[in-house]
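# Fold and contact review
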Amino acid sequence: TLTLADNRATLRDGEAIRPRLIMPSFDAYLYVDYVTHDGAVQHLYPQTEDRSQGIPADPIRLFAPSEWVNLGDPRPGQRGWEVTAPFGRDLIIAVAASRPLFGQARRANAETSAAYLRALDGALRALRQEGGLAIASGIAVEVAPR
């Protein structure tokens, strides 16, 4: 299950992006991405370390069946993720997989949607060929000015 905090479907300029997830019925690794309508992907989880932005690396970890996961809540030293222009309809996707999908962390926390979706497709095909499990969910997010 994937929703936003307070079951929101519209976020205004400057508001926090706070995904809420319930993991599937099997132990799984989690990948959550924010796909903008103009072709960019921001990896929300796991993130790679980016010292220039003060972002620590998220550990790749196995989540328990039906575990609740809250992402994006501001905490000391981290504001969390905020929506900004360009405004329009974006997408958050979450993938839970029975093994890590990628052999190593993504090179950066942002990339083009074309490059990432191609890599994700290949990773999911390889997982299926190995008999692994995966489940995905997505939600549309309307991003609007204040």
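Residues numbered from 1 in each chain as written. Predicted model: local features only at pLDDT ≥ 70, side-chain atom pairs only at ≥ 80, totals over all residues. Heavy atoms only, no water.

### Points about the sheet that holds strand S6 (residues 40-45)
Applied cut-off: Strand pairing is assigned whenever DSSP identifies at least 2 bridges connecting the two strands. Secondary structure is summarised from DSSP: a helix means a run of H or I of at least four residues, a strand means a run of E of at least two, and numbering begins at the N terminus for each. Axes, fitted as lines to C-alpha atoms, cover a helix only where it is in contact. Angles between the N-to-C directions of the axes lie from 0 to 180 degrees. By definition in these notes, contact holds between two residues if any of their heavy atoms fall within 4.5 Å.
Spatially, S2-S11-S9-S5-S6-S10 is the arrangement adopted by the 6 strands of the open sheet, whose pairing is mixed. This sheet does not close on itself; its edge strands, each paired only once, are strand S2 (10-12) and strand S10 (110-112). Averaged over neighbouring strand pairs, the angle between their axes works out to 30° when direction is ignored. Relative to strand S11 (residues 134-144), S2 runs parallel, the two sharing 3 bridges. Residue Leu 11 lies in a different strand from S11, and its bridge partner there is Val 143. Packing of helix H1 (residues 113-129) onto the sheet brings it into contact with strand S5 (29-35), S6, strand S9 (88-97), S10 and S11, and relative to S10 it is tilted by some 90°.

### Re the pairing of strand S4 (residues 19-22)
Relative to S4, strand S1 (residues 2-4) runs antiparallel, the two being bridged by 3 bridges. Bridge pairing in S4 links Leu 2 to Leu 21. Summarising the sheet, S4 and strand S7 (residues 68-70) pair through 3 bridges and their orientation is antiparallel. From the neighbouring strand, Arg 20 faces S7, where its bridge partner is Asn 70.

### With respect to unusual backbone geometry
Under the convention used in this document: For every residue, the accessible area obtained with a 1.4 Å probe (protein chains only) is divided by the maximum for its type, and the residue is called buried under 20%, exposed over 50%, and partly exposed between those limits.
The step from Tyr 45 to Pro 46 runs through a cis peptide bond, and the omega angle for that step is -10°. Note that the residue after Ala 85, namely Pro 86, is joined by a cis bond; omega there is 10°. Although it is not a glycine, Asn 7 adopts a positive phi angle of roughly 50°. With a phi close to 65°, Ser 66 is a non-glycine residue in the positive phi region. Here Ser 66 lies in the loop between S6 and S7. By relative accessible area, which is 44% here, Ser 66 ends up partly exposed.

### A look at H1
Applied cut-off: Under the convention used throughout, the expected extent of a helix is 1.5 Å for every residue step, that is, one less than its residue count. Taking the helix axis as origin, the arc is that swept by the directions to the C-beta atoms.
Its 17 residues place the ends of H1 24 Å apart at the C-alpha level, agreeing with the 24 Å of an ideal helix rising 1.5 Å per residue. Along H1, the residues classified as buried are Ser 113, Tyr 116, Leu 120, Ala 123, Leu 124 and Leu 127. The arc that holds the buried residues of H1, viewed along the axis, is 100°, so those residues lie on one side. For H1, exposure combined with an orientation more than 90 degrees from the buried face picks out Arg 118 and Gln 129. Looking one or two places after H1, you find Gly 131, whose phi comes out positive at around 85°.

### Observations concerning the sheet that holds S4
Taken in spatial order, the 3 strands of this open sheet run S1-S4-S7, and their pairing is antiparallel. Edge positions in the open sheet fall to S1 and S7, since each of these has one partner strand only. Geometrically, the sheet is characterised by an average inter-axis angle of 20° between neighbouring strands, direction not taken into account.

### Let's talk about the pairing of S6
The sheet contact formed by S5 and S6 spans 4 bridges and is antiparallel. Note that in S6 the partner of Tyr 34 across the bridge is Gln 42. Two strands pair when backbone bridges link them, and S6 and S10 are joined in this way by 3 bridges, in the antiparallel orientation. Bridged to Ala 40 within S10 is Thr 112.

These values are about where atoms sit, not about what they do.
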